[in-house]
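Structural features, examined
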Amino acid sequence: MAIPRAELACRVGAAMAVAWVVVRSAGVVPAGLSGLLLAVPIVGNVLPSFSLPRHGVDATVALLAGFARGLLGFAAFFVALRAGIERLSPAAAYGLAWLAALLAALALRRAGAAARAGATSSRPASRPWRPRRSP
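We now turn to the structure provided with this report. (Residues numbered from 1 in each chain as written. Predicted model: local features only at pLDDT ≥ 70, side-chain atom pairs only at ≥ 80, totals over all residues. Heavy atoms only, no water.)

**Some thoughts on the nonpolar core**
If you look at the biggest cluster of nonpolar residues, it comprises 9 residues: A76, F77, A80, L81, A93, A97, A100, A101 and A104. Broken down by secondary-structure element, the contributors of at least two residues to this core are α3 (57-85) and α4 (90-122). Take this core: its biggest share by element is 5 residues, from α4. Sequence-distant contacts of A100, that is, excluding residues within four places in its chain, are made with A76 and A80. (Core = buried A, V, L, I, M, F, W, Y, C linked by side-chain atoms within 4.5 Å. Buried < 20%, exposed > 50% of the residue type's maximum accessible area, 1.4 Å probe, protein only. Helix = DSSP H or I, 4+ residues; strand = E, 2+ residues; numbered from the N terminus. Contact = heavy atoms within 4.5 Å.)

Quick look at the structure:
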């Protein structure tokens, strides 16, 4: 389903407005916190606010669940980068951080597959998500 140009423009405008507020608060908020706030609110607030009315609750829940899972890789990357940056060369620390993010993603994928396998053996499959039709 294609996103109408007007909605896409609204999404971009909302994301830019949130980014502008976070960047403008950088003088008041510590740099580490403003860097985190720049990534989280845009995806965590803008996308669900457009997904809910267009695709419904199930799609918005799936979007937020995926976002929450993605944050684990995001966190793993920066924790590994912080741990390695003082002990390793910058290139090695960066490589270690990418490896940590990849391992986090693979672990989540494996855990999700195991959870789905356990869920399908104990109860019937749930109805697949379908986008809501617009009038």
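**Examining α3**
Its 29 residues give α3 an end-to-end C-alpha distance of 42 Å, which sits within 8% of 42 Å, the value for a rise of 1.5 Å per residue. Within α3, the full set of buried residues consists of A59, T60, G73, A76, F77, A80, L81 and G84. (Expected span 1.5 Å × (residues − 1).)

**Quick look at the packing of aromatic side chains**
Aromatic ring pairs are described here by two measures, namely the spacing of the ring centres and the angle between the planes. A full pass over the atoms with the stated rule returns 5 aromatic pairs. When the ring of F77 is compared with that of F78, the centres are 4.9 Å apart and the planes differ by 80°; the resulting orientation is edge-to-face. Plain terms: the ring middles of F77 and W98 are 5.8 Å apart, the flat faces sit at 75° to each other, and that makes the pair edge-to-face. Placement of F77 in helix α3 and of W98 in helix α4 is noted, with a sequence separation of 21 residues between them. Ring pairs connect the aromatic residues F74, F77, F78, Y94 and W98, which therefore count as one cluster. (Phe/Tyr/Trp six-rings, centres within 6.5 Å; stacked < 30°, edge-to-face > 60°.)

**Quick look at the pattern of salt bridges**
Counted according to the given criterion, the structure contains 3 salt bridges. For R11, the salt bridge is made with E7, and the minimal N-O distance between the two is 2.9 Å. Taken as a pair, R11 and E7 lie in helix α1 (residues 5-24) at a separation of 4 residues, close to a single helical turn. Comparing R11 with E7 shows no difference in burial state: the two are buried. Between E86 and R82 there is a salt bridge whose closest N-O contact spans 3.2 Å. Across this residue pair, the class does not change: E86 and R82 are exposed. Connected through shared salt-bridge partners, E7, R11 and R54 make up one network. (Salt bridge = Lys/Arg side-chain N within 4 Å of Asp/Glu carboxyl O.)

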